[in-house]
Amino acid sequence: MFRGQHRRVTIFFGASDVVLITLAFCLAYWTRRQLSLAHEFYILRPVVAALLVWSMLVWVGLASWWDIYDRIDATRPRVILRDAFRQCLLGAASLVLFEYGGRLDLSRSFVAFFAAWTWFLLCLFRLNAGRMLGAFRREFAGHHYVMVVGLGDPALQLGRQLEEAALSYGVRLTGFFADSSGDETPTEIQLESRYPVYPISAVSDLLRRHVIDEIIFAIDSRRLADLEDVLLLCEEEGVRTRVAVNFLPHFNRRVYLDRLGSSPLLTFSSTPHDEVRLLVKRVTDILMAGAWLVLLFPFMLAVGLLIRLTSPGPVIFRQERCGLNGRRFVFYKFRSMCEDAEAQRASLEHLSQRELALKIPNDPRLTSVGRWLRRFSIDEWPQLWNVLRGDMSLVGPRPAIPEEVEQYKRWQRRRLRMRPGLTCLWAISGRDEVDFETWMRMDMEYIDTWSLALDWKIILRTIPSMLSGKGAH
């Protein structure tokens, strides 16, 4: 529904988790105390407080990270049970880590009881959350009366969505305004129920005689300028107004209002724009790339020495690539081909299995060591320096060379709108066996569904893929 109501629902579910975790802790403590085991069980009050605070932070943090609160009141029971199980499993694991870090001595059976009780209570509450929220909104929030301006398909679709929101959100669609007058203008609209249609000139009179909480304009963009007086009237009356923007290109996935000084800007974005989450992604890149560079440094020296001893040419291969929004940067990797590989490129392009990106099975330019480096992605290790510099990210579309980018179709250029990465969806779906078109579409899927959780999922699945060498040519 609307963002404000969605925010309240998220806070409601977060607060309910805190209460249920506290109750589960008490029940787990009581259950463990009832067991007649060899060791007497008790937890000091300061430790209880620390465990509870830690558990609340982890459980609520996991639910927020996985967007569980966004779908509790509208999802299937199976998904609710699964989400709660994952949340409790990782929550219990974090509790064990907290125990070791704090040098505590917790009973393993208590941790198991705590996870089990939490899972049971979360499932019991969430399976009934939809009905509870509906009753709460109806009894305490009151009805929210809405009217729609427009009679076209967008307005009718909006009317149906408002009808669907009636039970869960207490929204009441009370009628429609015709944005123009004429003999063919209907007097009522039939959806699930019948709704009266009023002329737009009747807005002032209806605002005085009826309860109207807000008016939504779902009309052609060219009509908005003609209805400026109506918008001004609503502002003077204190009636909230909204404008449906589905008259604008539908492929813009995110629409939000921003400001530059005092100037309001309606912003459209088809790529991730959440500055806070992108900042977390960047901090993660810096920390992990820095740590891996330190850990791998001795091995990188050994690989460099091996390359130097087995084939002539530089150890590090440098190439210009396209980064975020087309920015050019120098891309680093261990040299896996002969010294004059770039000069041979034109004569071998006909052997490529991909439409644009050159990918030749059993490439004759590969050195004996280079073939091994490619198989296990060891040649990519120097790109951790690109990640540290900010040219790349750990996860993102692979950086392309400028000549390939110039041949992209228009829809493929959107992959440049996200910082390129060491790995992405294609790397866990067959690596070099993925054809070019599928590769591009996987990059678009990553951009459209990006989240911090997705990044970690890709990283964790990339590691066994690299170790196995499967799919690498």
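For the structure itself, consult the block above.
Predicted, not measured: the structure shown is a model, and the values here were computed from it.

A. Up close: the overall build of the protein chain. Helix and strand counts for the protein chain come out as 16 helices and twelve strands. Counting every position in the protein chain, which comprises 473 residues, the buried fraction comes to 44%. When contacts within the protein chain are restricted to residue pairs at least 6 apart in sequence, long-range pairs at least 24 apart make up 70% of them. For the protein chain, the exposed surface amounts to about 26,600 Å²; the carbon and sulfur share of it is 59%.

B. Spotlight on the packing of aromatic side chains. Summed over the entire model, instances satisfying the criterion amount to ten aromatic pairs. On the numbers, 5.4 Å between centres and 55° between planes, the contact of W59 with F114 is tilted. In this pair, W59 sits in helix 2 (residues 45-65) while F114 sits in helix 4 (residues 108-127), placing the two residues 55 residues apart along the sequence. The exposure class assigned to W59 is buried, which follows from its relative accessible area of 1%. Overall, the relative accessible area of 0% leaves F114 in the buried class.

C. A look at the side chain of D379. Summarising the element assignment, D379 is placed in the loop between helix 12 (368-375) and helix 13 (383-389). With a relative accessible area of 1%, D379 lands in the buried category. For D379, the side chain forms a polar contact with the side chain of K333, separated by 3.3 Å. The contact partners of D379, leaving out residues within four places of it in the chain, are K333, F334, S336, L373 and R374.

D. Structural context of the nonpolar core. Core analysis: the largest hydrophobic core is formed by 43 residues, its most contacted members being F334 and Y446. Elements with a contribution of two residues or more to this core: helix 10 (275-310), strand 10 (328-334), helix 12, helix 13, strand 11 (393-395), helix 15 (436-448) and helix 16 (452-468). Looking at which element gives the most residues to this core, the answer is helix 10, with seven residues. Those residues in contact with F334 that sit more than four places away from it in its chain are M300, V303, G304, I307, V315, I316, F317, L373, I378, D379, W381 and P382. Counting residues in hydrophobic clusters, the runner-up holds 31 residues, among them A24, A28, V48 and F110.

E. Examining helix 2 more closely. Given a rise of 1.5 Å per residue, 21 residues ought to cover 30 Å, and the 30 Å separating the end C-alpha atoms of helix 2 matches this to within 8%. Of the residues making up helix 2, those classed as buried are V48, L51, L52, S55, V58, W59, L62 and A63. Mapping the buried residues of helix 2 onto a view down its axis gives an arc of 140°, with all of them on the same face. Seen from the open side of helix 2, the exposed residues pointing more than 90 degrees away from its buried face are P46 and L57. Looking at the residues trailing helix 2, positive phi occurs at D67, about 60°.

F. Summary view of helix 4. Helix length check: helix 4, at 20 residues, gives a terminal C-alpha distance of 29 Å against a target of 28 Å (1.5 Å per residue), a fit within 8%. Looking only at helix 4, the buried set comprises F110, V111, F114, A115, T118, L121, L122, C123, F125 and R126.

G. How the structure looks around the pattern of salt bridges. Summed over the entire model, instances satisfying the criterion amount to 18 salt bridges. When the shortest N-O distance is used, the salt bridge between K281 and D455 registers 2.6 Å. Taken together, the residues span a long stretch of sequence, with K281 in helix 10 and D455 in helix 16 at a distance of 174 residues. Residue class for K281 comes out buried when judged on its relative accessible area of 7%. The class for D455 is buried, based on a relative accessible area of 6%. A salt bridge links R389 to D391, with the shortest nitrogen-to-oxygen separation between them at 3.0 Å. Residue R389 is classed as partly exposed on the basis of its relative accessible area, which comes to 48%. A single network of salt bridges, built from pairs that share partners, joins R82, D83 and R86.

H. Structural view of the sheet that holds strand 5 (residues 214-217). Pairing is mixed across the open sheet formed by six strands, whose spatial order is 3-4-2-1-5-6. Each of the sheet's edge strands pairs with one partner strand only, and the pair in question is strand 3 (188-190) and strand 6 (240-243). For this sheet the average axis-to-axis angle between neighbouring strands, irrespective of direction, equals 30°. Examined bridge by bridge, strand 3 and strand 4 (residues 194-199) share three bridges and lie antiparallel to one another. Residue I189 lies in a different strand from strand 4, and its bridge partner there is Y195.

I. Spotlight on the pairing of strand 10. Within strand 10, five of the seven residues are buried, leaving the element largely enclosed by the surrounding structure. Inspection of the sheet shows strand 9 (residues 316-322) paired to strand 10 by seven bridges, in the antiparallel sense. From the neighbouring strand, Q319 faces strand 10, where its bridge partner is F331. Following strand 9, the chain reverses through five residues before pairing antiparallel with strand 10; N325 in that reversal takes a positive phi of roughly 55°.

Basis of the calculations
- Residues numbered from 1 in each chain as written.
- Predicted model: local features only at pLDDT ≥ 70, side-chain atom pairs only at ≥ 80, totals over all residues.
- Heavy atoms only, no water.
- Helix = DSSP H or I, 4+ residues; strand = E, 2+ residues; numbered from the N terminus.
- Buried < 20%, exposed > 50% of the residue type's maximum accessible area, 1.4 Å probe, protein only.
- Contact = heavy atoms within 4.5 Å.
- Areas by Shrake-Rupley, 256 points an atom, 1.4 Å probe, with all protein chains shown as cover.
- Phe/Tyr/Trp six-rings, centres within 6.5 Å; stacked < 30°, edge-to-face > 60°.
- Polar contact = N/O pair within 3.5 Å; in protein donor to acceptor, adjacent residues only side chain to side chain.
- Core = buried A, V, L, I, M, F, W, Y, C linked by side-chain atoms within 4.5 Å.
- Expected span 1.5 Å × (residues − 1).
- Arc of directions from axis to C-beta.
- Salt bridge = Lys/Arg side-chain N within 4 Å of Asp/Glu carboxyl O.
- Pairing = 2+ DSSP bridges.
- Axes fitted to C-alpha atoms, helices over the stretch in contact; angles between N-to-C directions.

The analysis is restricted to geometry; functional conclusions fall outside its scope.
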